[in-house]
Amino acid sequence: MSASRRSGATDELGPEGSEPEREGPAGSDLLAALLDGMDAALCAFDADGVVTHWNREAERILGWTAEEAVGRAGFAGWAVRSADAEEVEARLMSAMDAPGRQVNEFALLTKDGGRVLVRTQSAAVRGPDREPAGVYCAFSEVHAQIDLERSIALSEALLEDAGWGVVLVDADLRPAVVNAYAARALGAGRTSVLGRPLGELLSQGVEELESALTHVLAEGAPPAPAELWVTVRTPEGERRRCWRSGFVRLSSPLAEEPVPLGVGWLFQDVTEARQGEQEASLLRFRTQQLHRAARAAAECEKPAEAVTVHLDFALAGFADHAVIDRVAEGGTDTDRVRLVRIAETPSGAPGPCRLDGRAGLPVLYADGHPALQCVERAGTVRAGAGSLKGEAAREWASARQWPQGTVHALCTVLRSRGRTLGAVTFLRTSHRTAFERADAMYAEDVAAHIATALDLAALLPEEG
């Protein structure tokens, strides 16, 4: 029975009881039909490299018809640049002597002279004797495939090796993908931060970050990077950081209308650089303030006025209030130091420092008061309300005879010509940070100028 025959009922049988011969496509026609029906471009070469088959998809990609392609010796001069023909032919025909399929990528020429990057899969065609009789080749355009592979490779590189943080935030503003750099910056593992609200990772700055992400989802990326100051929660405690951040909106490439998938957030930690710049700027400002104060004090008729001038210039950007206490006469001859208030800033409203002798009566500081410690140690003492809030913080300030709202204090000794004259106390309210070492150094410079003015004034009770 031939390949075109099939079994059937008795009325389909011939006179001798055999099936009638059915007309069907010849083998070459069937092969051509199959090749033309394939979605991939297909061609074949005989053992001499001559094109023997060329389907419609190959014609669509390159523009050459089967009549133009079949019978040509290789791709040289028409489908491949002459300079590349020898290499391309060698790579294709090497499949005759290799097991399995071989994959190659190279550029082919279209009929109108354009270049098409293709990926080929080629394998040997064997004859009845199982010997290689030619090569068949399937090829397709790979721009989309290469673009996809490049995108995947770029994503993996960003997520694994990038020297900056990469966080993919979903439409609910929760991390969906985090690279190693970002995980270290957030003080957590790459998987432990996924799906968590940003407020659980950051204690400060989360509002600004979420506002930026929401803006990007609605309006697109901002024209320039933004620097965000945040406080990160870590197992070791909170860390204040500055992140230079850029944002890109992610949309689905498969939807007809842009569908937001989230935001790509890229950032670098620039904390040290920004802190250095801030410290340098602050140092310049404070140096200028000391210089201005010295010039203004030189114009004062009375040295006592120079004391308040120095204090007023020192307070700018440094503290909210300040008081000056001098050692009472005979205060160092007893077992307990006594201090007299001689100057202070208004506690109820902003204004210049004023002299306040209080009739020379000692301030009733309790034992262990920071100002007393400062004089006794002839150094600088810092104090703070710590975790106290509300009424407890107010009681803490009141017990030390400081203005309401004070939570941070820095007491610096006043010394001139080897003598302890008293102490100057700088006070900050809750909207400022605690005094640091750099603040103490600045306070000591201010105290040196005030002590010189006090020593020159040799303050008399009536001047107080």
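A short tour of the structure in this document, coming up. As the structure is a prediction and not an experimental result, all values here were calculated from the model.

**Describing the pattern of salt bridges**
Applying the stated criterion to the full structure yields 19 salt bridges. Close ionic contact of Glu227 with Arg274 constitutes a salt bridge, the shortest N to O distance being 2.6 Å. Residue Glu227 is located in strand S9 (residues 226-234), and its partner Arg274 is located in helix H9 (residues 271-298); the two are separated by 47 residues in the primary sequence. Residue classification places Glu227 among the partly exposed residues on the basis of a relative accessible area of 32%. One salt bridge connects Arg286 with Asp439, and the closest N-O pair in it is separated by 2.8 Å. Placement of the pair is Arg286 in helix H9 and Asp439 in helix H13 (residues 437-457), with a sequence separation of 153 residues. You'll find Arg286 and Asp439 in the same group, each marked buried. One network of salt bridges, with partners in common, ties together Glu227, Arg244, Arg274 and Glu277.

**Things to note about the sheet that holds strand S8 (residues 202-204)**
Taken in spatial order, the six strands make up an open sheet running S7-S6-S11-S10-S9-S8, and their pairing is antiparallel. With one partner strand each, in any of the chains shown, strand S7 (175-178) and S8 form the two edges of the open sheet. Sheet twist, expressed as the mean angle between neighbouring strand axes with direction ignored, is 40 degrees. Bridge count for S9 against strand S10 (residues 237-251) is nine bridges, and the pairing is antiparallel. Paired with Glu227 across the strands is Arg244, a residue of S10. Each of strand S6 (165-169), S8, S9, S10 and strand S11 (260-269) is contacted by helix H8 (residues 206-219), which is oriented at about 5 degrees to S10, the strand it contacts most.

**Quick word on the pairing of S7**
With three bridges connecting them, S6 and S7 associate as antiparallel partners. Paired with Val169 across the strands is Pro175, a residue of S7. The turn linking S6 back onto S7 is made up of five residues, and Leu173 within it adopts a positive phi angle of 65 degrees.

Thresholds applied
- Residues numbered from 1 in each chain as written.
- Predicted model: local features only at pLDDT ≥ 70, side-chain atom pairs only at ≥ 80, totals over all residues.
- Heavy atoms only, no water.
- Salt bridge = Lys/Arg side-chain N within 4 Å of Asp/Glu carboxyl O.
- Helix = DSSP H or I, 4+ residues; strand = E, 2+ residues; numbered from the N terminus.
- Buried < 20%, exposed > 50% of the residue type's maximum accessible area, 1.4 Å probe, protein only.
- Pairing = 2+ DSSP bridges.
- Axes fitted to C-alpha atoms, helices over the stretch in contact; angles between N-to-C directions.
- Contact = heavy atoms within 4.5 Å.

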